[in-house]
Structure formats: structure tokens, C-alpha cells
Amino acid sequence: MIIKKRAFVSFDEYCEYECKFCYTYGIERSKIRTIDEIIDSIKDQTFDVIYVSQKNDNFSDTSRGIKLCYKLFEKYKKSIFIITRNVLNDDEIVKLVALKKRMNDYNQELFFASSINALSSVRKYESNKTKDPYERLNFIKKMAQNGFKPILMLRPIFPNTIIPVCECLNVIDYVSSDISCVVSSGLGVNENVLHRLKLKDEDFSYNNNQEYLQGAIDCDIKFVNVDNELKIIKGKCTYQNIPFFEHSINALNYLLQTNGAFKDEQ
């Protein structure tokens, strides 16, 4: 199986984490849908994987996020990709393990990624509502111990003058033996994001619009040029023999091509 098309689902409330770099706060929420309405919203789409990620961290309420994943698979029997800044407890991990096994029975995969982009600088642009970065890193280790092959979502990457790239390298070091790969990309900004960051447009140079958000969300975003920082991160990954990607779909396909993403070890 090769993943080409993705569908996105998300709870409609504004994310409680209030990360200053998040561009989803500028998106209007006209209706708060039920889980069943969210699931039905993609029924007319063609897709290979469902991203439980769009305009919210859908696992800020872990029990609701798990329920959404179970019901999505019940209806569509498709692979699911979870991305979160939160940490699940042992009972919740057991529920995801059970879902993973059921999905494997249908030759589908439950992909998991933990998002973190800094250590000591994390509170510059994340509120104290998010988990401590070391809690997230230890959660990655626990997920690996439970049969998952976690993806490290090392993003957004800021220019080195704002968040030192060495912090990103230290994140990789901490979980280098527990992750399957690294996905990393630069900060995306618009006027709303710049205002919350208390930065100015002229503080950055920009790349041409990239396709990270294609099909995900309809908003005007410019990506900050962090080519040098990404080169350093990629070099670190190469040195440690960790696959590096700038787009998550490539990471998911890599996992599918390496003897199955989350199938039980034989």
C-alpha cells in the first residue's frame, strides 16, 4: 500500500493549548460538531489515511481523541495518523494498542507522532497548558516500548536566533533509539501568528509556499526560511542513521515500506 491521499478530521473547539505559533486560531468555527458529524464529514472523500489533526490537538482530551479514532476505524477501515503534544496514561495506551492490533488485522496502520520543537525555550511560544517537553519525550519512549514506532514531529523550526537549533538536536539525542524517523519543517506565519509571537514580518525571510498544508486547511500562510537549521537537523539525523522527512506522508510511506509500521514483532 502507498499513501497518496489523506483526509483530515478535527474537533471544532479552539485548541486549549494556545500555542502562539499555531495558525489555526485564525480559522472561524461556525459550528461545534458531534463526533458522528465529524466522522461523516469525510464520507464523500477518497483517501488512504485519516489524519486526526487539523485545527485542534485532538488528544488534549485523551478519552475523546481515542473515541474518535475507534469510531473512525469502525466506519472507514482506513489507516489513522495521530499527532499530539499531550501524554497518555497507561490505560489509554492499552486502548491504542488494542486498536492498533485490530487495524493490523485489516492491513491498516495506526501511526503515532509526538510534537515537540524545543527544550528550555519551549515556554517562549507554548503555554504551560502543554506537557513539559521531557514528559513528551518519555511518552515517546513508552509508546516505543508498547510496540509503536513513534514519529518525532520536530516542528515548527524557528530561526536559530530565536530558538537555538541545538535544542532540536538535543531532542533527537534523547529519543534517538526510540523513534522511527523525524519529520521537521519551518515556522508558518501570517499576521495573526506574528502578532501573537510579538515578531514582525521583516524579522524573517521566506521560502516559496510549500505544500505541507495541502488539503489540510485553507488559510494564508508563509513559511519562514530555516533552510540552514533544517540542514543541521538533517545532518544530525543522517549521523545517527535516523530517516528525516519534511513531509509527513513521506514518513508514513517509509514506515509502510519497512516491514509494516506497527505490526507486532515476530
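Since the model is a prediction, treat every value here as computed from it, not as a measurement. (Residues numbered from 1 in each chain as written. Predicted model: local features only at pLDDT ≥ 70, side-chain atom pairs only at ≥ 80, totals over all residues. Heavy atoms only, no water.)

A.B. asks: Tell me what's going on with the overall build of the chain, and back it up with residues and numbers.
C.D. replies: Looking only at helices and strands, one finds eight helices and nine strands in the chain. For a compact globule of 266 residues, the expected C-alpha radius of gyration is about 18 Å, and the chain comes in at 18 Å, within 12% of that figure. Projected onto its principal axes, the C-alpha positions of the chain cover 50 × 45 × 35 Å. Among the 266 residues that make up the chain, the fraction classed as buried is 56%. (Helix = DSSP H or I, 4+ residues; strand = E, 2+ residues; numbered from the N terminus. Rg over C-alpha atoms; globule rule 2.2 N^0.38 Å. Buried < 20%, exposed > 50% of the residue type's maximum accessible area, 1.4 Å probe, protein only.)

A.B. asks: Tell me about helix α2 (residues 62-76), and please be specific about residues and values.
C.D. replies: In this model, α2 (15 residues) spans 21 Å end to end at C-alpha, consistent with the 21 Å of a helix rising 1.5 Å per residue. Taken as a whole, α2 has its buried residues at T62, G65, I66, L68, C69, L72, F73 and Y76. Burial along α2 is one-sided: seen end-on, the buried residues are contained in an arc of 155°. Buried residues belonging to α2 abut β1 (6-9), α1 (35-40), β2 (49-52), β3 (79-84) and α3 (90-105). Trailing α2 by a residue or two, K77 shows a phi angle of about 50°, which is positive. (Expected span 1.5 Å × (residues − 1). Arc of directions from axis to C-beta. Contact = heavy atoms within 4.5 Å.)

A.B. asks: Summarise the side chain of R85; cite the residues concerned and give the values.
C.D. replies: Secondary-structure assignment places R85 in the loop between β3 and α3. A distance of 3.1 Å separates a polar atom in the side chain of R85 from the backbone oxygen of R155. For R85, the residues in contact, after removing those within four places along its chain, are Y17, C19, F21, D57, S115, N117, E126, T130, K131, R136, R155 and P156. (Polar contact = N/O pair within 3.5 Å; in protein donor to acceptor, adjacent residues only side chain to side chain.)

A.B. asks: Give a detailed account of the pattern of salt bridges, specifying residues and quantitative values.
C.D. replies: A side chain of one charge can pair with a side chain of the opposite charge when the charged atoms of the two come close. By the definition in use, this model includes 13 salt bridges. Salt-bridge contacts for E13 lead to R64; the nearest nitrogen and oxygen are separated by 3.3 Å. Highlighted residues: E13 in the loop between β1 and α1 and R64 in helix α2, separated in sequence by 51 residues. Of the residues examined, E13 reaches a relative accessible area of 28% and is grouped as partly exposed. The network of salt bridges with common partners includes D12, R33 and K55. (Salt bridge = Lys/Arg side-chain N within 4 Å of Asp/Glu carboxyl O.)

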